[in-house]
Amino acid sequence: MTARLHRVHLDDCSEPSAARQEAVNLLWPFMPTRKVLEQDALNLMSCYLMAAALDGTGLETVRAWAADPEDHRAVELLRAGPVPAWAEECERILTCSQWWRGQILAPVRLALSPDRASAA
């Protein structure tokens, strides 16, 4: 299956529902088969998109966060944002076991690949 380019509307992602919808749009072709991994991948992508929107940064920043799970800048941004509970969720995912985190990040990274996602 070839995943088509998805235009990310990052500016809208400062709203939780918009961040969630963009995460669904990006991840649907790459969803893990295990429900818990699917939920965590959606949550992490939503958190990353909202944090980037709150910071006024672009998709390159989201890609950098996904590439370096030790970078917790997204958590910091979410703590100061409109839904601080998202910071806790993001931090929970980023601090879980390395193996589990890798399973969550794999579809996120695929969905964010430059030939798959671009900023609108």
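In this text, all values refer to a predicted model and were calculated from it rather than measured experimentally.

A. Structural view of the overall build of the protein chain. What the protein chain contains, in helices and strands, is 6 helices and 2 strands. Listed by position from the N terminus, the elements making up the protein chain come as β-α-α-α-α-α-α-β. Computed over its C-alpha atoms, the radius of gyration of the protein chain comes to 13 Å, within 12% of the 14 Å expected for a compact globule of 120 residues. Taken along the three principal axes of its C-alpha coordinates, the protein chain extends 40 × 35 × 25 Å.

B. Region of the structure containing the nonpolar core. Formed by 39 residues in total, the largest nonpolar core has its most connected members in Met-45, Tyr-48, Leu-49 and Cys-90. Breaking this core down by element, the ones donating at least two residues are α1 (16-27), α2 (35-55), α3 (59-67), α4 (73-79), α5 (85-94) and α6 (98-111). Per element, the largest residue contribution to this core is 12 residues, and it comes from α2.

C. Here's a closer look at the packing of aromatic side chains. Taken as a whole and judged by the stated rule, the model has 2 aromatic pairs. Between the aromatic rings of Tyr-48 and Trp-65, the centroid separation amounts to 5.7 Å while the plane-to-plane angle is 45°, which identifies the pairing as tilted. Placement of the pair is Tyr-48 in helix α2 and Trp-65 in helix α3, with a sequence separation of 17 residues. The residues Tyr-48 and Trp-65 share a single accessibility class, namely buried.

Conventions used here
Residues numbered from 1 in each chain as written. Predicted model: local features only at pLDDT ≥ 70, side-chain atom pairs only at ≥ 80, totals over all residues. Heavy atoms only, no water. Helix = DSSP H or I, 4+ residues; strand = E, 2+ residues; numbered from the N terminus. Rg over C-alpha atoms; globule rule 2.2 N^0.38 Å. Core = buried A, V, L, I, M, F, W, Y, C linked by side-chain atoms within 4.5 Å. Buried < 20%, exposed > 50% of the residue type's maximum accessible area, 1.4 Å probe, protein only. Phe/Tyr/Trp six-rings, centres within 6.5 Å; stacked < 30°, edge-to-face > 60°.

Treat this as a map of the structure, not an account of what it does.
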